[in-house]
Amino acid sequence: MTDTIKTDVLIVGAGPVGLFAVFELGLFDMKCHLIDILDRPGGQCAELYPEKPIYDIPGWPSISAQGLVDKLLEQIAPFKPEFTYNRMVSSLEKLDDGGFRVITDENEVFEAKVVVIAAGGGSFQPKRPPIPGIEAYEGKSVFYSVRRMEDFRGHDIVIVGGGDSALDWTLNLQQVAKSVTLVHRRPEFRAAPDSVNKMYAMQERKELAFQVGQVTGLTGADGLLSSATIKGPDGDVEVACTRMLPFFGLTMKLGPIADWGLNLHENLIPVDTEKFQTSVPGIFAVGDINWYPGKLKLILSGFHEVALMAQAAKRIISPGERIVFQYTTSSTSLQKKLGVHD
Ligand SMILES: Cc1cc2nc3c(=O)[nH]c(=O)nc-3n(C[C@H](O)[C@H](O)[C@H](O)COP(=O)(O)OP(=O)(O)OC[C@H]3O[C@@H](n4cnc5c(N)ncnc54)[C@H](O)[C@@H]3O)c2cc1C
């Protein structure tokens, strides 16, 4: 276990709603730390539709999903939020002092006075390819993401898939691997053309291999892979490998949130509409993950929810302190926090 990281508010999920929560909490002087499974902020906006225009964000007749995420990051920058990416919050427990301990899948420990669950549709989880017996190799030889390139140094790696992740990691890991074989069912790719061209150029120079086909079997013992069988246009090919990285896209699942002792309603977290608090005082749920009568899964609904949640969170963190309602337009104290007034 690493040293405990302490913060006022721990936000599970750095989607648009988790990001805007930082702003509303920041106006009340609460420090935030956000944790996300993905390797960057933006949730569904960044992962599922970054280039699509959104037409129902107030004040923006049209803004791309990634553009909205970039603007949110700019808006919350004065509050200096901290981010931990590539980590899934796996457990959440209440402490005797009323706060919470949160632990990630890499065993980092966080303690916070308030927890805000902004986990959207749940955790993005990799799709498992239909290869018999693959489960036995997962976590030892088969990985669905690259957390540290060093872990792949000197290995014979098979990378499976035709999208950006497969191509990007083929190009990057080639620099540290003993060998890289990219496997895709056809010679056309969904990835950026520039990456595809680079891959074919490297194949020409025999710096990596590209094999058309599908992985149909794995050989090894005790979770340690020694080869993969690839069914190609000319029959089966056996490729020596000690690591495999399948990139078959992501699905959204509720994931570990189901085990945090919260009441659930059809895989969503019921909240009140005054504070957006869950069945456990001090744990709030905002954005797509929550449920209440009339809930609309819209970004603007999440933005409204975090404004009310922040007031309730302040009452927990600073009990007895009077909460003054202020406009950012006219409050010099809020403007100082935003860095727009001396
Ligand atoms: C194609 C498409 C088009 C859309 N168009 C519109 C539109 O025009 N207007 C509109 O208002 N809405 C639109 N939406 C819906 C909108 O994107 C969602 O309402 C919004 O993303 C919800 O934001 P969120 O922050 O609640 O959750 P999300 O964006 O889902 O973010 C949640 C984050 O939490 C992380 N997470 C989950 N569980 C954990 C865990 N255990 N540990 C760590 N991290 C975790 C996830 O990785 C994710 O990054 C659209 C959605 C899609 C798919």
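Quick caveat: nothing in here was measured; it's all calculated off a predicted structure.

Quick notes on the overall build of the protein chain
Looking only at helices and strands, the protein chain features seven helices and 20 strands. Across the 342 residues of the protein chain, 49% fall into the buried class. Restricting the contact set of the protein chain to residue pairs at least 6 apart, pairs at least 24 apart contribute 58%. Split by element, the accessible area of the protein chain, about 17,000 Å² in all, is 51% carbon and sulfur.

A look at the pattern of salt bridges
Counting across every chain of the model gives 19 salt bridges. Arginine 101 is the salt-bridge partner of glutamate 111, the closest N and O atoms lying 3.2 Å from each other. Of this pair, glutamate 111 sits in strand S8 (residues 109-117) while arginine 101 sits in strand S7 (residues 100-104); the two residues are 10 residues apart in sequence, bridging distant segments of the chain. Glutamate 111 gets classed as buried once you look at its relative accessible area, which sits at 16%. When the shortest N-O distance is used, the salt bridge between lysine 198 and aspartate 194 registers 3.3 Å. One end of the pair is lysine 198 and the other is aspartate 194, both in helix H5 (residues 193-204) and four residues apart, which spans about a single turn. For aspartate 194, a relative accessible area of 47% corresponds to the partly exposed category.

Thresholds, definitions, all that
Residues numbered from 1 in each chain as written. Predicted model: local features only at pLDDT ≥ 70, side-chain atom pairs only at ≥ 80, totals over all residues. Heavy atoms only, no water. Helix = DSSP H or I, 4+ residues; strand = E, 2+ residues; numbered from the N terminus. Buried < 20%, exposed > 50% of the residue type's maximum accessible area, 1.4 Å probe, protein only. Contact = heavy atoms within 4.5 Å. Areas by Shrake-Rupley, 256 points an atom, 1.4 Å probe, with all protein chains shown as cover. Salt bridge = Lys/Arg side-chain N within 4 Å of Asp/Glu carboxyl O.

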